[in-house]
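# Examination of the molecular architecture
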Amino acid sequence: MTKPLDHDAYIAAAPEHLRVMLVQVRDQLARTLPDAEAVIKYDMPGFQIDGMIIAGYAAFSKQCGLYVDPAAIAAHADEIAASKLKASKTGITFSASRPITGDLVEKLAIGSRRQKGF
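In this report, we go over the structure that sits alongside the text. Keep in mind the model is a prediction, meaning the values are calculated, not measured.

## Side note on the nonpolar core
- Of all hydrophobic cores here, the largest spans 31 residues; its most connected members are V25, L29, L66, F94, I100 and L108.
- Looking at this core element by element, the count peaks at five residues for strand β3 (residues 52–59).
- The contact partners of L108, leaving out residues within four places of it in the chain, are L66, V68, A72, I73, H76, I80, I92 and I100.

## Comments concerning the packing of aromatic side chains
- Under the criterion given, the structure shown has one aromatic pair.
- Between Y10 and Y57, the aromatic rings sit 6.4 Å apart at their centres with planes inclined by 85°, giving edge-to-face as the arrangement. Taken together, the residues Y10 in helix α1 (residues 7–13) and Y57 in strand β3 connect sequence positions 47 residues apart.
- The class of Y10 is buried, set by a relative accessible area of 9%.
- Using a relative accessible area of 0% as the deciding quantity, one classes Y57 as buried.

## Here we look at the environment of I53
- Following the sequence through the fold, I53 ends up in strand β3.
- With 59 residues separating them along the chain, I53 and S112 place their C-alpha atoms 9.3 Å apart.
- Beyond its immediate stretch of four places on either side in the chain, I53 contacts V39, K41, F47, Q48 and K116.

## So, the pairing of strand β4 (residues 64–67)
- Here β3 runs beside β4; their pairing, made up of four bridges, is antiparallel. Bridge assignment links Y57 to a residue of β4, and that residue is L66.
- Here β3 folds back onto β4 in antiparallel fashion, the turn holding four residues.

Definitions and cut-offs
- Residues numbered from 1 in each chain as written.
- Predicted model: local features only at pLDDT ≥ 70, side-chain atom pairs only at ≥ 80, totals over all residues.
- Heavy atoms only, no water.
- Core = buried A, V, L, I, M, F, W, Y, C linked by side-chain atoms within 4.5 Å.
- Buried < 20%, exposed > 50% of the residue type's maximum accessible area, 1.4 Å probe, protein only.
- Helix = DSSP H or I, 4+ residues; strand = E, 2+ residues; numbered from the N terminus.
- Contact = heavy atoms within 4.5 Å.
- Phe/Tyr/Trp six-rings, centres within 6.5 Å; stacked < 30°, edge-to-face > 60°.
- Pairing = 2+ DSSP bridges.

Quick look at the structure:
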């Protein structure tokens, strides 16, 4: 597989059953971080401000991930758990059977932005 050049190419190359969720996450991040630049870094799509990644997302074979600052995840741990999503220090995984809400994406992106000093 060739490296994607932009978010659209990344989503188009993702497993078909995950594409709608990826578009929703991308669009929510773009609305929440309107001054951020859409980039591909580390072979993943993300949004950066002044060269610093605020939020990124990725597709795997059966699920997707949203990657933000660890403090943003910690601040919303109860909501993440109540949504029955799995969280690591820097990411939350979600799938078609357990999608992430736009509201939670927004909260995590805003929290990550604050933690990065923007």
